[in-house]
Amino acid sequence: MKSFTYERPETVEAAAKAITANKNAKFLAGGTNLLDLMKLQIEAPAHIVDIGRLPLNRIEKTPDGGLRIGAMVTNTDLSAHEVIRRDYAILTRALQAGASGQLRNKATTGGNLLQRTRCPYFYDTNQDCNKRNPGSGCSALDGASRNLGVVGISQSCIATHPSDMAVAMRVLDAVVETINAEGVARAIPLEAFYTLPKDTPHIENVLAPDEIITAVRLPKPIGGKHIYKKVRDRSSYAFALVSVAAILHPDKTGRVAMGGVGPQPWRRTSADRLMPQGAKAVIDELLKGHNTTEDNAYKIDLAHRTLAAVLREAA
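A. Structural detail: unusual backbone geometry. Positive phi outside glycine occurs at Gln 41, with the angle close to 60 degrees. Tracing the backbone shows Gln 41 in the loop between α2 (34-39) and β3 (47-50). The backbone phi angle of Tyr 237 is positive, close to 55 degrees, even though this residue is not glycine. Mapping Tyr 237 onto the fold places it in the loop between β9 (225-231) and β10 (242-248). When its relative accessible area of 48% is taken as the criterion, Tyr 237 is described as partly exposed.

Have a look at this one:
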């Protein structure tokens, strides 16, 4: 790990200003992703702004009947919260499907949304990776791509987003709240938060360099049966090959989002409208325009089968 300077601001505003005042600075929250990347020298920030003790760890009801989740709420606390378990059960199930208990104790809501891909070529500094080193190429295109993306990808990058929580947040229509060094706040729907790789895969979201996530806001509960099904190579501590987050109602209407298939939690509202027609119609629409390799073509059939299993469970 390369040397760096460090500070721990007392306020959100001071944290945002500290990022702008220091060249090549990074926020540190739970550290479950950034520290690993620093050890491998994939990330080499010159300055660390520790936001771990900022007062952003509360879960509060909103005036419209929804919920505001502070960016520093841990995954453990979020998954165990009474209101989350009762009204947003899909979020509890997705969180508990991710990582390990020890990591969930440290991982934060904001950091979970911002975690970087686990593509093996991103982690191997001997390989070309446009996400790690823009313009260098993508070794995954002609390499081992079994775990990589099939939709929303480009000729510059076929990596997938690793978060389980974000898939559940996407099906819940979550909104990300931020503030910058000037004190300007934004509310960004999660559907607009992530960017597709195109020819700039190193740009993964719409945050400005001085912008910090303060909370994630959920709308009022929509009821229905909440199911999160994650298919992976082993039963714990593994990232999704395919995951399905679905909220289903007795009349067979509902919503669905997928993980493990693209560079962001994948949802199309046009596919939601096809829920009464069954799994094949939904997946055909949801993964329309997919682009597979020989290694990961199985994911299309796996997506059909996983959603079919979810629909059977709901019935």
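Having seen the model, we can carry on.
B. Summary view of the packing of helix α12 (residues 279-286) against helix α13 (residues 298-314). The contact between α12 and α13 brings their axes to 9 Å, and the two run at 135 degrees. By the angle class used here, α12 and α13 are oblique. Relative to α13, the crossing made by α12 is right-handed. Here Ala 279, Lys 280, Val 282, Ile 283 and Asp 284 of α12 come into contact with α13, specifically with Ile 300, Ala 303, His 304, Leu 307, Ala 308 and Leu 311. Here the residues of the contact of α12 with α13 sort into 8 nonpolar, 1 polar and 2 charged.

C. Structural context of the pairing of strand β7 (residues 185-189). Relative to β7, strand β6 (residues 175-179) runs antiparallel, the two being bridged by 5 bridges. Following the sheet pairing, Ile 179 is matched in β7 by Ala 185. In sequence, β6 turns back onto β7 through a hairpin of 5 residues, with Gly 183 there showing a positive phi of about 85 degrees.

D. The arrangement of the sheet that holds β9 in detail. Taken together, the 3 strands give an open sheet; going across it, the order is β9-β10-β11, and neighbouring strands pair in antiparallel fashion. Only two strands of the sheet have a single neighbouring strand rather than two, namely β9 and β11 (254-259). If you compare each strand with its neighbour and ignore which way they point, the axes differ by 10 degrees on average. Pairing geometry for β9 and β10, over 7 bridges, is antiparallel. Looking at the pairing, Tyr 228 lines up with Ala 245 of β10.

E. Broad picture of empty space enclosed by the protein. This model, assessed by the stated rule, comprises 4 cavities of 30 Å³ or more. In this structure, the second largest cavity spans a volume of roughly 70 Å³. Residues belonging to the lining of the second largest cavity are distributed by class as follows: 10 nonpolar, 4 polar and 2 charged.

F. Up close: the state of the cysteines. For the structure on display, the rule yields 0 disulfides. Note on Cys 119: no disulfide assigned, nearest cysteine sulfur contributed by Cys 129 at a separation of 6.1 Å.

The rules behind the values
- Residues numbered from 1 in each chain as written.
- Predicted model: local features only at pLDDT ≥ 70, side-chain atom pairs only at ≥ 80, totals over all residues.
- Heavy atoms only, no water.
- Helix = DSSP H or I, 4+ residues; strand = E, 2+ residues; numbered from the N terminus.
- Buried < 20%, exposed > 50% of the residue type's maximum accessible area, 1.4 Å probe, protein only.
- Axes fitted to C-alpha atoms, helices over the stretch in contact; angles between N-to-C directions.
- Parallel < 35°, antiparallel > 145°, perpendicular 65-115°, else oblique.
- Left-handed = near helix turned anticlockwise from the far one by under 90°.
- Contact = heavy atoms within 4.5 Å.
- Nonpolar A, V, L, I, M, F, W, Y, C, P; charged D, E, K, R; others polar.
- Pairing = 2+ DSSP bridges.
- 1 Å grid on protein atoms, 1.4 Å probe; cavity = no way out; pocket = protein on both sides within 12 Å on 5 of 7 lines; lining within 4 Å.
- Points joined across faces, edges and corners; volume = space filled by probe spheres on them.
- Disulfide = S-S within 2.5 Å.

These figures come from the coordinates and say nothing about function on their own.
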